[in-house]
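Chain residues, written in single-letter form:
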Amino acid sequence: MKRKLTAAIGIAGMIVSIAACGDNGDGGGSDKGADAKELTVWLTVDAQNNWPDLVKAADAAVQKKHPGLEITHEYYGWPDKNAKLDAVLATDKAPDVVEMGNTEMLGYMVKGAFAPLDAAAFDNSSAWLDGLKASVTYEDKTYGVPYYAGGRVGNWRKDLFASAGVKSAPKTYAELTAALDKVQKKEGDKFSAWYQPTRDWYAAMSFVYDAGGSIAVESGGEWKGNLSSPESVKGLTAYKDVVDRYMHGDKTKDESDRYIVYGQGKSGMIFGAAWEGATAEAPENDKTGKLKGNLENFVMPGPSGRNLPVFLGGSDLAVPVKSDAQDLAAEWINAFTGPSGQKGLMAKGNLPNNKTDLATLKSDPKTAVPATAAESNWFVPMAPGWGQVEKAQILQTMLQNIGTGKKTVEEAAKEADAAIDKVINTK
């Protein structure tokens, strides 16, 4: 998925009181617009451009059960989506279904913008991928339905590693570092055997979770930073080792242009979203003329001996609490994200929202790598102030201090925990 997913932060004050204005029931067993005659669905242009047939199929399924129902669709781009949504949520013209980036959900759930849903009413909800389920859950209630996902994988240049005597992708972390050491030695210290932008907290936290650590923990309804725990420090230390040994670029950068740097031919490997390798080898990005057919995705092994857990980006569908057709909205979402919808989304190159369908992708060599990588996943702490943690770039600052050597791992982690504790419980 070629888009950067970031938490919805700074949601307009206009929606703070939304919960008080709408029905805040438990999402099941009551009549909430089941007899409505109109349904308005807001999706991003991804659906409009890439799978309009799936939208039409969901419409047809719901209209068959509800003859005469009029379904209206609006499509928007990611950059302006939240501003448009915030504005309409302050009125009485709220749409009935909205698509959200999964890291955008939390801020809206905290503010009471979405109606609770009965998870059991949605196909495969018992098998939702853990990270995706977390993205729609707040204070033990479900406020959305996972739609589709995209994971992270390793990607390397087969030609470079073959020239260093490495013939196949690594299965263990020891094999990975041994291969990287060979390439690093052969190419010299101005080359990054593994281009790993220091501030890339999605990658760094994969190491933290791999070591048994976490960003924050909840106890008694209160969240506290957990980056200075022994387990988290172990993961951060492993991450620092990668940056020290293999990353010879600017150690103050984030991952936003990683695929561009990779395409310049100054690195042998990346760990990022599954689309980044293919984008790096596109003619407009491949400055070497050698990447096409030479890049290979692989499942990232972790220092723990297991596959490195990955952050799952993706989209969720939610029902605004001000919707006058909440029951019909839930029906439409189930028709769109159910078995046939997931099959269609997988055919378009997406990961499904559930473990059952994910298992089917593992048997196909074309999809086995991203599907296997996505089995082990993590998600951000579902704490009321998480948006403030992201807004303050606490993790990025910590990682830059570690990567540049400004602070030790222990010092930077302790400082980050203190900063997290100041805001993570603030609604």
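Visitor: I'd like to hear about the sheet that holds strand β7 (residues 152-157), residue by residue, with values.
Guide: The three strands are arranged β10-β7-β11 in an open sheet whose pairing can be described as antiparallel. Only two strands of the sheet have a single partner each, and these edge strands are β10 (269-273) and β11 (295-298). Neighbour to neighbour, the strand axes of the sheet diverge by 30° on average, direction disregarded. Alignment of β7 against β11, held across four bridges, turns out to be antiparallel. Bridging from a neighbouring strand, R157 pairs with L295 of β11.

Visitor: Give me the packing of aromatic side chains: which residues, what numbers.
Guide: Within a pair of aromatic rings, the relevant descriptors are the distance that separates the centres and the angle that separates the planes. Summed over the entire model, instances satisfying the criterion amount to 19 aromatic pairs. A ring pair is formed by Y173 and F207, whose centres lie 6.3 Å apart and whose planes are at 75°; its orientation type is edge-to-face. Here F207 lies in helix α9 (residues 201-210) and Y173 lies in helix α8 (residues 173-187), a separation of 34 residues in the sequence. F207 matches Y173 in its accessibility class, with the two residues each being buried. Pairing Y202 with F311 gives two aromatic rings, centres 4.8 Å apart and planes at 45°, and the pair type is tilted. You can see Y202 sitting in helix α9 and its partner F311 sitting in strand β12 (residues 310-311), a full 109 residues away along the chain. On the accessibility criterion, F311 (1% relative accessible area) is buried. Aromatic ring contacts, followed pair by pair, group W201, Y202, Y209, F311, W378, F379 and W386 into a single cluster. Geometry around W42 places K84 over its ring, the cationic atom sitting 4.8 Å from the centre. Over the face of the ring belonging to Y202 we find R152, whose NZ or CZ atom lies 4.7 Å from the ring centre.

Visitor: Describe α8, with residues and values.
Guide: If you check α8, its first and last C-alpha atoms are 21 Å apart, about what 15 residues at 1.5 Å a residue would give, namely 21 Å. Downstream of α8 by one or two residues, G188 has phi in the positive range, about 95°.

Parameters and conventions
- Residues numbered from 1 in each chain as written.
- Predicted model: local features only at pLDDT ≥ 70, side-chain atom pairs only at ≥ 80, totals over all residues.
- Heavy atoms only, no water.
- Pairing = 2+ DSSP bridges.
- Helix = DSSP H or I, 4+ residues; strand = E, 2+ residues; numbered from the N terminus.
- Axes fitted to C-alpha atoms, helices over the stretch in contact; angles between N-to-C directions.
- Phe/Tyr/Trp six-rings, centres within 6.5 Å; stacked < 30°, edge-to-face > 60°.
- Buried < 20%, exposed > 50% of the residue type's maximum accessible area, 1.4 Å probe, protein only.
- Lys NZ or Arg CZ within 6 Å of the ring centre and 35° of its normal.
- Expected span 1.5 Å × (residues − 1).

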